[in-house]
Amino acid sequence: MSHPEIPQHLVIFGRPGCGKSSLAERLGSEFGYTLIRTGEMLREAIRRQDFLGKRVEIHLAKGELVPDPLIFELLELNLKSPGTAHLLFDGFPRTMGQVPLLEQFEKRLDFRIDCYLEIEVSRAEAVARMTGRRVCPKCGTTYHLIARPPKVAETCDLDGTPLERRKDDKKEVVEFRQQVYDDNALPILQYYEARYPGLCRKVNGEQPFEAVYSETRRALGVTDGADQGTAKR
Ligand code: ADP
């Protein structure tokens, strides 16, 4: 990583529709983070129709959270000791029950999260954005009809695959997922604020994507023109 001052391993939080997946992708390509995306891993398991995929399919279609033991199983299968890699968790931990799971993985695989970043967006704005979301079923790249349109309408820029709307982006499922976020994320954020106040950062997600990305870089302590350092625990 060419910016040693920025977090080695971080978690991004934000309600569905806040844009955190696009931010995570951009941070991954700029700074070399390895993305750990439980939502994407679950969708892959469903596409493969493997043992885990068959058990989680119904939860995703309804917009419900997948039970913690299955998330543990998923990460056990997918999460390896990072070595020199830098991990960016997008979508985990998602419940208070998953907080100790992350701590367990940190100890066992020998890495420490040194930043908890929250992308703040109102519920109404998130719902409006989600209805325009499209995803490539082949590579998982996320687009938005207004905020991040593909070069050719409804087609993936990277591999030309026709874009799809996720099953869980239906209106009633979208509202339900917002409620699930409100019920589960708040206690997690409060826990980290109390435990590691120096490692928690907030970014205003209600701006155009480039502005959110710039604010995110500053919040992470990127020093080219930025002024904020990142505390270590
Ligand atoms: P979003 O943040 O837009 O909801 P994700 O791709 O992160 O999208 O997650 C999609 C779905 O995958 C969630 O609605 C939930 O059903 C499931 N999921 C993802 N991560 C977790 C997790 N850590 N714990 C439980 N369920 C999860």
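Residues numbered from 1 in each chain as written. Predicted model: local features only at pLDDT ≥ 70, side-chain atom pairs only at ≥ 80, totals over all residues.

**Student:** Give me the lowdown on the site of the ligand, citing residues and values where you can.
**Tutor:** Not every one of the 17 residues close to the ligand is listed here, only the nearest: Pro16, Thr38, Gly39, Gly91 and Arg94. Of all elements in the fold, only α2 (38-48) and α3 (51-62) reach the threshold of two or more residues within the shell around the ligand. At three residues, α2 tops the list of elements feeding residues into the shell around the ligand. A breakdown of the residues in the shell around the ligand according to their chemical character gives seven nonpolar, six polar and four charged. (Near = placed C-beta within 6 Å. Helix = DSSP H or I, 4+ residues; strand = E, 2+ residues; numbered from the N terminus. Nonpolar A, V, L, I, M, F, W, Y, C, P; charged D, E, K, R; others polar.)

**Student:** Give a detailed account of the pairing of strand β1 (residues 10-14), specifying residues and quantitative values.
**Tutor:** It is a general feature of regular strands that their side chains alternate between the two faces of the sheet. Among the five residues that make up β1, five are buried, leaving the element largely enclosed by the rest of the structure. Of the two faces of β1, the one lined by Leu10, Ile12 and Gly14 and the one lined by Val11 and Phe13 are each fully buried. Note: β1 against strand β3 (residues 86-90), three bridges, orientation parallel. The residue of β3 that forms the bridge with leucine 10 is leucine 88. Inspection of the sheet shows β1 paired to strand β4 (residues 115-120) by five bridges, in the parallel sense. Looking across to β4, one finds that phenylalanine 13 is bridged to glutamate 118. (Buried ≥ 20, exposed ≤ 12 C-beta atoms within 10 Å, placed from the backbone. Pairing = 2+ DSSP bridges.)

**Student:** Quick rundown of the packing of helix α6 (residues 123-130) against helix α7 (residues 171-195)? Include the residues and the values.
**Tutor:** Interhelical geometry of α6 versus α7 gives an angle of 145° and a closest axis separation of 10 Å. In the crossing of α6 with α7, the sense of the turn from one axis to the other is right-handed. Only Val174, Glu175 and Gln178 of α7 make contact with α6, whose side of the interface consists of Arg123, Ala126, Val127 and Met130. In the contact of α6 with α7, the residues fall into four nonpolar, one polar and two charged. (Axes fitted to C-alpha atoms, helices over the stretch in contact; angles between N-to-C directions. Left-handed = near helix turned anticlockwise from the far one by under 90°. Contact = placed C-beta atoms within 7 Å.)

**Student:** Describe the sheet that holds β3, with residues and values.
**Tutor:** Pairing is parallel in the open sheet, where five strands are placed in the order β2-β3-β1-β4-β7. The open sheet has two free edges, formed respectively by β2 (33-37) and β7 (200-204), since each of these has just one partner strand. Within this sheet the neighbouring strands show an average axis-to-axis angle of 25°, counted without direction. Here helix α8 (residues 209-219) sits on the sheet and contacts β4 and β7; the angle it forms with β7, its principal contact strand, is near 160°.

**Student:** Provide a residue-level description of the nonpolar core, including the pertinent values.
**Tutor:** Residues Val11, Ile12, Leu88 and Leu117 are the most contacted members of the largest nonpolar core, which totals 39 residues. When near neighbours in sequence (up to four residues on either side) are disregarded, isoleucine 12 contacts Lys20, Leu23, Ala24, Leu88, Phe89, Asp90, Leu117 and Ile119. By size, the runner-up hydrophobic cluster in this structure holds five residues, among which are Val135, Tyr143, Cys156 and Leu163. (Core = buried A, V, L, I, M, F, W, Y, C linked by C-beta atoms within 7 Å.)

**Student:** Which residues make up helix α1 (residues 20-31), and what values do they have?
**Tutor:** When the terminal C-alpha atoms of α1 are compared, their 16 Å separation across twelve residues agrees well with the 16 Å that a helix rising 1.5 Å per residue should span. For α1, the set of buried residues is Lys20, Ser21, Leu23, Ala24 and Leu27. Considered in projection along α1, the buried side chains sweep an arc of 160° and stay on one side of the axis. Looking at the buried positions of α1, the neighbouring elements they touch are β1, β2, β3, β4, β6 (142-144) and α8. Positive phi appears at glycine 32, one or two residues downstream of α1, with a value of about 80°. (Expected span 1.5 Å × (residues − 1). Arc of directions from axis to C-beta.)

**Student:** I'd like a description of the environment of methionine 41, backed by residues and values.
**Tutor:** Within the element layout of this structure, methionine 41 appears in helix α2. Placed 58 residues apart in sequence, methionine 41 and valine 99 show a C-alpha to C-alpha distance of 19 Å. With near-sequence residues (within four places) excluded, methionine 41 lies in contact with Leu74 and Asn78.

**Student:** Account for the packing of α3 against helix α4 (residues 68-78), naming residues and giving values.
**Tutor:** Packing of α3 against α4 leaves a shortest axis separation of 11 Å and a crossing angle of 145°. Seen along the crossing, α3 lies across α4 with a hand that is left-handed. Residue-level contacts link Leu52, Arg55 and Val56 of α3 to Leu70, Glu73 and Leu74 of α4. Looking at side-chain class alone, the contact of α3 with α4 contains four nonpolar, no polar and two charged residues.

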